[in-house]
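Listed below are the residues making up each chain.
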Amino acid sequence: MANRFKGEVAIDCEGSRYTLRMDMLALAAFEDATGENALSWAEAAEGGQAAVGDMIEMIRCTLARHHPEADYRLAGDILSEDPGVLLRLFRAASPELAETEDDSEDGREDGPGKPLPAPAAG
């Protein structure tokens, strides 16, 4: 299987179902909105170095494909409903990455609901 970077996660929030799509377009939209390098940001986020506003913006960018009307408020509601959704999105987009993490030295496997670490202060 060739390496790819594309994945989707469905989530229910306040009585509606939303499909979030993590792909290169979502990353580019995040970069345009924030001025940050999306891949570097994702690495930092996994280590607990993400500001909440950036996390919400990333969710908004992943909603754009299937829900172009989605705004910052909806993205915040989704993140509040399911803080682990960003990690699941990155794993869905890059299964090879998820397999590598699952085979880590300590043998610990992170479950699909494990949220990203707490956001950085500031």
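Look up: the structure comes first, before these words.
Residues numbered from 1 in each chain as written. Predicted model: local features only at pLDDT ≥ 70, side-chain atom pairs only at ≥ 80, totals over all residues. Heavy atoms only, no water.

**Student:** Whenever I open this one, the overall build of the chain confuses me. Can you help?
**Tutor:** What the chain contains, in helices and strands, is six helices and two strands. Each helix and strand of the chain, ordered N terminal to C terminal, gives the series β-β-α-α-α-α-α-α. The buried share of the chain, taken over its 122 residues, is 39%. Counted over contacts in the chain with a minimum sequence separation of 6, partners at least 24 positions apart contribute 62%. (Helix = DSSP H or I, 4+ residues; strand = E, 2+ residues; numbered from the N terminus. Buried < 20%, exposed > 50% of the residue type's maximum accessible area, 1.4 Å probe, protein only. Contact = heavy atoms within 4.5 Å.)

**Student:** I tried to follow the nonpolar core on my own but got confused; where do I start?
**Tutor:** In summary, soluble globular proteins display a tendency toward joint burial of nonpolar side chains. Formed by 30 residues in total, the largest nonpolar core has its most connected members in Leu-20, Trp-41, Met-58, Ile-59, Leu-63 and Ile-78. For this core, the secondary-structure elements that each account for two or more residues are β1 (6-13), β2 (16-23), α1 (24-34), α2 (38-46), α3 (52-63), α4 (72-81) and α5 (85-93). In terms of residue count, the dominant contributor to this core is α3 (six residues). (Core = buried A, V, L, I, M, F, W, Y, C linked by side-chain atoms within 4.5 Å.)

**Student:** Sorry if this is basic, but what is going on with the side chain of Ser-94 here?
**Tutor:** On the secondary structure map, Ser-94 appears in the loop between α5 and α6 (95-102). Classification of Ser-94 by relative accessible area gives buried; the value is 13%. Excluding residues within four positions of it along the chain, Ser-94 makes contact with Arg-4 and Phe-5.

**Student:** Any chance you could explain α2 here in plain terms?
**Tutor:** Counting along an α-helix, one turn takes 3.6 residues, and residues three or four places apart therefore face a common direction. Taken together, the buried positions of α2 are occupied by Ala-38, Trp-41, Ala-42 and Ala-45. For α2, the angular spread of buried residues about the axis comes to 100°, placing them on one side. Contacts made by the buried residues of α2 are with α1, α3 and α5. Two or three places before Leu-39, at the start of α2, stands the capping residue Asn-37, its side-chain oxygen 3.0 Å from that residue's backbone nitrogen. Gly-48 sits one or two positions beyond α2 and adopts a positive phi of about 85°. (Arc of directions from axis to C-beta. Polar contact = N/O pair within 3.5 Å; in protein donor to acceptor, adjacent residues only side chain to side chain.)

**Student:** Quick question: what am I supposed to make of the environment of Val-9 here?
**Tutor:** Tracing the backbone through its elements, the reader meets Val-9 in strand β1. Here Val-9 falls in the buried class, since its relative accessible area comes to 10%. When the C-alpha atoms of Val-9 and Leu-86 are compared, they prove to be 9.3 Å apart, with 77 residues separating the residues in sequence. Ignoring anything within four residues of it in the chain, the contact list for Val-9 reads Tyr-18, Thr-19, Leu-20, Val-85, Arg-88, Leu-89 and Ala-92.

**Student:** Could you clarify how one ought to interpret the pattern of salt bridges in this entry?
**Tutor:** Pairs may arise between side chains of opposite charge once their charged atoms sit close together. What the rule picks out here adds up to five salt bridges. Here Asp-12 makes a salt bridge to Arg-17, at a shortest N to O gap of 2.9 Å. Through salt bridges that share partners, Glu-8, Arg-21 and Asp-23 make up one connected network. (Salt bridge = Lys/Arg side-chain N within 4 Å of Asp/Glu carboxyl O.)

**Student:** Would you explain the packing of aromatic side chains in this entry?
**Tutor:** The description of an aromatic ring pair rests on the distance of the ring centres and on the angle between the ring planes. On inspection of all chains with the given rule, the structure shows two aromatic pairs. Summarising the aromatic geometry, the rings of Phe-5 and Phe-90 are spaced 6.4 Å apart at their centres and angled 45° between planes, so their arrangement reads as tilted. Here the residue Phe-5 occupies a position in the segment before β1, and Phe-90 occupies one in helix α5, the gap between them amounting to 85 residues. Judged by relative accessible area, Phe-90 falls into the buried class, the value being 12%. Between Phe-30 and Trp-41, the aromatic rings sit 4.9 Å apart at their centres with planes inclined by 45°, giving tilted as the arrangement. Here the residue Phe-30 occupies a position in helix α1, and Trp-41 occupies one in helix α2, the gap between them amounting to 11 residues. Under the relative-accessibility criterion, Phe-30 is labelled buried at 0%. (Phe/Tyr/Trp six-rings, centres within 6.5 Å; stacked < 30°, edge-to-face > 60°.)

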